[in-house]
Amino acid sequence: MSVLELQQVSFSYGAKTVFANCSLSFDSHERVALYAPSGRGKTTLCRLLAGYSKPQAGQVLLDGQPLPQMGPCPVQLIWQHPEQALDPLLRMQTSLQEAGPLEEDVLHRLGIKPEWLTRYPRELSGGEMQRFCIARALAVHPQFLIADEISTMLDALTQVQIWDFLCSYCDEHEVGLILVTHSQALQDRLATRVVNLDSL
Amino acid sequence: MDTQQHLSSVHTHEEAHHGHTHASVSHHAGGHHLLQVENLCVGFQMYETLPQQSSPAKGIACKEKQTKRFGFFSRTTTRQTMQWVIDHLSLSVHTGEILAVVGASGSGKTLLADAIMGLYDTNTCVEGVIYYDGVKQDASSLTALRGSEIAFVPQSVKSLDPLMKIGKQIGGDPARRAELFERYSLSTDVEGLYPFELSGGMARRVLLCTALMGNPRLIIADEPTPGLDLELAVQAMKDFRTFADEGKGVLLITHDIELALRVADRVAVFKDGTVVEETAVANFAAPHLLNHPFSRALWHALPEHDFSFEGEL
Ligand SMILES: Nc1ncnc2c1ncn2[C@@H]1O[C@H](COP(=O)(O)OP(=O)(O)OP(=O)(O)O)[C@@H](O)[C@H]1O
Ligand SMILES: [Mg+2]
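Residues numbered from 1 in each chain as written. Chains lettered and ligands numbered in written order. Predicted model: local features only at pLDDT ≥ 70, side-chain atom pairs only at ≥ 80, totals over all residues. Heavy atoms only, no water.

Focus: the coordination of the magnesium ion (ligand 2)
Residue and element names in this part refer to chain B.
Part 1 of the argument: On the protein side, the magnesium ion (ligand 2) has Thr110 (OG1) and Gln155 (OE1) as donor atoms, found 1.9 to 2.2 Å from it. Of this pair, Thr110 sits in helix α1 (residues 109–117) while Gln155 is found in the loop between β7 (150–153) and α3 (166–170), placing the two residues 45 residues apart along the sequence.
Part 2 of the argument: Note on Thr110: relative accessible area 26%, which makes it partly exposed.
Part 3 of the argument: Accessibility expressed as a relative area gives 12% for Gln155, which makes it buried. (Donors = N, O, S within 2.8 Å, 3.2 Å for Na, K, Ca; no water. Helix = DSSP H or I, 4+ residues; strand = E, 2+ residues; numbered from the N terminus. Buried < 20%, exposed > 50% of the residue type's maximum accessible area, 1.4 Å probe, protein only.)

Have a look at this one:
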């Protein structure tokens, strides 16, 4: 089991303080939904946890160690704009292979069709790109997966299929799942714990 | 361009006209079609490598046309095929109406929006007829309408011009711009930024402001809400409603059925490049009111309902 924690983290954008001396921990057996009113800093927290932003004070620790500076991050962030997350000049298979070897079973479970592999991002629909972003995050074999509104690009049926797969994948591989969603219903379906950022 | 006035105005609700019918509860002020899409087909030229027995992609509506390449490429084993992604699609938006388009990811919703906006790639083949305000359009006249009569909220936040500051891109009246920025919680400094300096959610809000900025009569919104928190998403929906109530029209493409149902008048359900069902919003109250198995499957899949699906996707 691994543990991802924020230790006395402070973060502000200029004069606007988002987190002040905030501590929080997640373990890899849970599926945690982050809950907060708009503008409270859900996306900021996701970015801090995945190492995209550095806190001004305090630290983010994975099993007691700072996140590695080099190589793929064991905390993978998937977010709501797949078109921004993919290199437009790379074919999908190249993007994927940069993260790790292709695993056919994962591709299949995510509904990725083999003929999409040789396409460029602009030749795919929003939902198709999002499936590649999920596949790429899993190819790293992360210890934690952070999903920031990932299903806004997916139709309801595909969402069911993908959440079903992600939940079983995370259980099987002991990957902790941290998710942000504006849908109360989805949160109730998926989360084993809800963290309200206002209570920090 | 065919400038002859299209005979669109009078028909009873459920009568088939222009290749489609409307559900009986449709909003139908005077029956005037602001936008009509008739028998739209969109396909791509693809090159396939032989000799593998090339099978048409499953799940994509495929009427396959084949051409063997000769001459320069005669020694290669590549064959050009047309893959039809949108297949005989018809729909319409009336004045005063929001038509929601929901459906499978990859079913061709964005391509529909692109076709209406006259934005196609070089390898794209578009067939069918599009009327705007009763007048038949072609690619160049659609391009001319874009931005003035028809505003577009694209799905991709990368659609902004990377080399132009936001304020300049949005253009228009500064007072109106300031009002919209405030409405969508964008600070005024954003005007001086370049697109790469924006977060995805900010870019989405800029795209929305751009569409609401001018004085269009029709808004084509392709997934306008990802990246917006719930309050702002609801705000955007209300703004679309107000816009439509002024006698204009909105084509709202979205996966957020729950959100769309709050404001739309009718829903067109898409699957494999065509409309499988066109129904009144009220019919989404219960699955037995929906006609097509795919619509019912979508209903059951919503996390508010059963969060389940049966069979293969
Ligand atoms: N340039 C292209 N070349 C080949 N295929 C393409 C191209 N652009 C899009 N497609 C395919 O056409 C299909 C429809 O794409 P489209 O973007 O319209 O889907 P969509 O309904 O908007 O899906 P989503 O809800 O995921 O955004 C997809 O399967 C996509 O892979
Ligand atoms: Mg799309």
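Quick word on the interface of chain B and chain A
Part 1 of the argument: Counting residues at the interface gives 38 residues for chain B, matched by 34 residues for chain A.
Part 2 of the argument: When the two sides are added together, the surface that chain B and chain A hide from each other amounts to roughly 2,900 Å², 59% of it contributed by carbon and sulfur.
Part 3 of the argument: Taken together, the connections running from chain B to chain A amount to 0 salt bridges.
Part 4 of the argument: Applying the counting rule to chain B against chain A returns 10 residue pairs in polar contact (both at pLDDT 80 or more).
Part 5 of the argument: Elements with a minimum of two residues in the side of chain B that touches chain A: α5 (200–213), α6 (230–245) and α8 (293–301) of chain B.
Part 6 of the argument: Classifying every residue of the side of chain B that touches chain A gives 16 nonpolar, 12 polar and 10 charged. (Contact = heavy atoms within 4.5 Å. Buried area = accessible area lost by both parts, 1.4 Å probe. Salt bridge = Lys/Arg side-chain N within 4 Å of Asp/Glu carboxyl O. Polar contact = N/O pair within 3.5 Å; in protein donor to acceptor, adjacent residues only side chain to side chain. Nonpolar A, V, L, I, M, F, W, Y, C, P; charged D, E, K, R; others polar.)

So, the sheet that holds strand β1 (residues 3–13) of chain A
All names here are of chain A.
Part 1 of the argument: As summarised here, the arrangement of the 4 strands in space is β2-β1-β4-β5, forming an open sheet in which the pairing is antiparallel. The two strands at the open ends of the sheet, each matched to only one other strand, are β2 (16–27) and β5 (65–66).
Part 2 of the argument: Two elements, β1 and β2, share 8 bridges in a ladder whose sense is antiparallel. Opposite Leu6, over in β2, you have Leu24 as the bridge partner.
Part 3 of the argument: Sitting on the sheet, helix α1 (residues 42–49) touches β1, β2 and β4 (57–62), and the angle it makes with β1 is about 125°. (Pairing = 2+ DSSP bridges. Axes fitted to C-alpha atoms, helices over the stretch in contact; angles between N-to-C directions.)

A look at the pattern of salt bridges
Residues and elements named next belong to chain B.
Part 1 of the argument: Taken as a whole and judged by the stated rule, the model has 14 salt bridges over all chains.
Part 2 of the argument: One salt bridge in this structure joins Arg241 and Asp245, with 3.0 Å as the shortest N-O distance. Here Arg241 pairs with Asp245, and both are found in helix α6, just 4 residues apart, close to one helical turn.
Part 3 of the argument: According to the relative accessible area criterion, Asp245 is exposed, its value standing at 53%.
Part 4 of the argument: One salt bridge connects Glu278 with Arg266, and the closest N-O pair in it is separated by 2.2 Å. Residue Glu278 is found in strand β11 (residues 274–280), and its partner Arg266 is found in strand β10 (residues 266–271); the two are separated by 12 residues along the sequence.
Part 5 of the argument: Judged by relative accessible area, which is 1%, Arg266 ranks as buried.
Part 6 of the argument: Taken together, the shared-partner salt bridges in this structure form one network comprising Glu97, Arg266 and Glu278.

A short note on helix α6 (residues 156–173) of chain A
All names here are of chain A.
Part 1 of the argument: Helix length check: α6 (18 residues) gives 25 Å between terminal C-alpha atoms against 26 Å at 1.5 Å per residue, within 8%.
Part 2 of the argument: Burial runs high along α6: 13 of the 18 residues are buried.
Part 3 of the argument: Where α6 starts, the residue carrying a side-chain oxygen 3.0 Å from the main-chain nitrogen of Leu157 turns out to be Asp155.
Part 4 of the argument: Two residues or fewer past α6, Glu174 is found with a positive phi of approximately 50°. (Expected span 1.5 Å × (residues − 1).)

Considerations on the pairing of β10(B)
All names here are of chain B.
Part 1 of the argument: Of all 6 residues in β10, 5 are buried, a share of seventy percent or more.
Part 2 of the argument: Where strand β4 (residues 97–103) meets β10, 5 bridges bridge the pair, whose relative direction is parallel. Bridging across to β10, Ala100 finds its partner in Val267.
Part 3 of the argument: Sheet topology note: the β10/β11 ladder contains 6 bridges and is antiparallel. Considered in β11, the bridge of Phe270 is made with Val275.
Part 4 of the argument: Where β10 hands over to β11, the hairpin turn is made up of 2 residues, of which Asp272 adopts a positive phi near 45°.

Some thoughts on the site of ligand 1
Part 1 of the argument: Around ligand 1 sit 21 residues in total, of which Gly127(A), Glu128(A), Gly106(B), Thr110(B) and His255(B) are the nearest.
Part 2 of the argument: Looking at the residues close to ligand 1, they fall on chains A and B.
Part 3 of the argument: Interatomic distance of 3.2 Å between a backbone N/O atom of Ser107(B) and an oxygen atom of ligand 1.
Part 4 of the argument: Gly108(B) is positioned such that a nitrogen or oxygen atom in its backbone is 2.9 Å from an oxygen atom of ligand 1.
Part 5 of the argument: Surface burial for ligand 1 is 97%, taken as the share of its 630 Å² of free accessible area covered by protein chains.
Part 6 of the argument: Per-class residue counts for the shell around ligand 1 are 6 nonpolar, 10 polar and 5 charged. (Near = heavy atom within 4 Å. Areas by Shrake-Rupley, 256 points an atom, 1.4 Å probe, with all protein chains shown as cover.)

Digging into the packing of aromatic side chains
Part 1 of the argument: As enumerated under the stated definition, the model contains 2 aromatic pairs over all chains in all.
Part 2 of the argument: Aromatic side chains Phe11(A) and Tyr13(A) sit 5.0 Å apart centroid to centroid with 85° between the ring planes, which places their arrangement in the edge-to-face category.
Part 3 of the argument: For Phe11(A), a relative accessible area of 7% translates into the label buried.
Part 4 of the argument: Overall, the relative accessible area of 43% leaves Tyr13(A) in the partly exposed class.
Part 5 of the argument: Positioned over the ring face of Phe294(B) is Lys271(B), at 5.6 Å from the centre of the ring. (Phe/Tyr/Trp six-rings, centres within 6.5 Å; stacked < 30°, edge-to-face > 60°. Lys NZ or Arg CZ within 6 Å of the ring centre and 35° of its normal.)

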